[in-house]
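# Close look at the chain arrangement
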Amino acid sequence: MIAKNREIPRRILMNEALIERLTPIHYLLQVIKTDLAKRKAGYRGELQLDYHLQFISKDKNIMILHDLRLEIDGRYFQIDTLLLTSYLVIVLEVKHISGTYTLDSRFDQAIRKLADKEEAFSHPVTQVERQKKQLIRWFTKMKVPSIPIATLVVMTNRSTVLNTTSQNEKYHNVVRVENVEERILSLLTYYHKEHFPIKQVRKLSNLLVKKHAPLIAFPDEIYGISTGEIITGVQCPECRHLPMLRKYGHWHCLMCSGKSKDAHISALRDYSLLLSQQITNKQVRNFLHLESRKTALNILHSLNLHSTGGTNNKTYHFTLHTASQTAHQSNSSTARPSR
Ligand SMILES: [Zn+2]
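The rules behind the values
Residues numbered from 1 in each chain as written. Predicted model: local features only at pLDDT ≥ 70, side-chain atom pairs only at ≥ 80, totals over all residues. Heavy atoms only, no water. Core = buried A, V, L, I, M, F, W, Y, C linked by side-chain atoms within 4.5 Å. Buried < 20%, exposed > 50% of the residue type's maximum accessible area, 1.4 Å probe, protein only. Helix = DSSP H or I, 4+ residues; strand = E, 2+ residues; numbered from the N terminus. Pairing = 2+ DSSP bridges. Axes fitted to C-alpha atoms, helices over the stretch in contact; angles between N-to-C directions. Donors = N, O, S within 2.8 Å, 3.2 Å for Na, K, Ca; no water. Tetrahedral: all angles 85-135°; square planar, octahedral: opposite > 155°, others 65-115°.

### As for the nonpolar core
The biggest cluster of nonpolar side chains holds 30 residues, and the ones touching the most others in it are Leu82, Leu84, Leu135, Phe139 and Leu208. At the level of secondary structure, the elements contributing two or more residues to this core comprise β2 (63-72), β3 (75-84), β4 (89-95), β5 (100-104), α3 (124-141), β8 (149-155) and α5 (198-211). Counting residues in each nonpolar core, the second largest holds 22 residues, with Cys236, Ala296, Leu305 and Tyr316 among its members.

In structure tokens form, the structure reads like this:
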């Protein structure tokens, strides 16, 4: 069963929001668009994997956790997908690569060739083995009883041509996505000694979910884009014009005469992706171009955000849950047209 869902990566949502809120002539726009396209392809690959795990994910004795980021001794490591059973743990690393992908362990690298252009990456097997080592350390620290850990590199692009430079290449755990379920089942047949009962597997799964530490980074840290470069205001859901004006409880667009009751939700979601996970009444007014403190307060209350501080210095906190919830409401990742 799925113990931790895969969500649209925050970086994709951040890039999308950023593209909408930078001037169309911003010098980093192309860099952001390229990064977005790459990450969307990677995410599509991960969804491909999920599709091929459908059968396994119905098994109550297999816990599936997607997108884990864990800390060990002040450093973080990430796992695309983790499978937990009483017999075996499997670490899955997803690769969504176009063109020809050649594994070369002599130099511990993988070479992607696409349209006569070659690019080197780290060897995926080395990468997933490193994750396994980090997970062993994490398990030791958390006093998880010893259990075998297998690794798989899943190639999710069906058109990828896989290649090796020598016969001794380490590729035994590299698998094409259409064969992943079969490979997992054969691993589970091979490891049949029970290491801990399913009850404890579920406990471990809960612990992993609890200890998951999502990366929250903003455009200033990633791209060096300052707050002042981000265009504020409520965006028109019809024509994407910024800003809309608030009149008689609605947002009005001066460009297309469109009207919206809740376009501020998407704007505040952008705020949480681009500027901060926290906001004050004054910041709401600045970002949404509102004059009225009371309107800002009503908006904040309607979002049911957790708040801290007294009446005069109250700070509201966007949780990740709120961020993804509002993302779903505005259906951002698919509905947002790119400029
Ligand atoms: Zn409009």
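### Topic: the sheet that holds strand β9 (residues 161-164)
The mixed open sheet is built from four strands, whose spatial order is β7-β6-β5-β9. Taken across any chain shown, the strands that pair with only one partner, and hence form the sheet edges, are β7 (117-122) and β9. Adjacent strand axes in the sheet meet at a mean angle of 25 degrees, parallel and antiparallel pairs treated alike. In this structure, β5 lies alongside β9, joined through four bridges in parallel fashion. By the bridge assignment, Tyr101 is partnered in β9 with Leu162.

### Regarding the coordination of the zinc ion
Each protein donor to the zinc ion is listed here as Cys236 (SG), Cys239 (SG), Cys253 (SG) and Cys256 (SG); together their distances run 2.3 Å. Around the zinc ion sit four donor atoms; with metal-centred angles ranging over 105 to 114 degrees, the donor geometry is tetrahedral. Look at where the donors of the zinc ion fall in the sequence and you get C-x2-C-x13-C-x2-C. With a relative accessible area of 5%, Cys253 lands in the buried category. Note on Cys256: relative accessible area 34%, which makes it partly exposed.

### Examining unusual backbone geometry
Of note, the amide linkage connecting Leu242 to Pro243 takes the cis form, showing an omega dihedral of -10 degrees. Not every positive phi belongs to a glycine, and Asp116 is a case in point at roughly 65 degrees. Within the secondary structure layout, Asp116 lies in the loop between β6 (109-114) and β7. Taking the relative accessible area as the measure of exposure, Asp116 reaches 71% and is therefore exposed. The residue Arg240 is not glycine, and still its phi comes out positive at about 70 degrees. Inspection of the secondary structure puts Arg240 in the loop between α6 (219-222) and β11 (245-247). Here Arg240 falls in the partly exposed class, since its relative accessible area comes to 25%.

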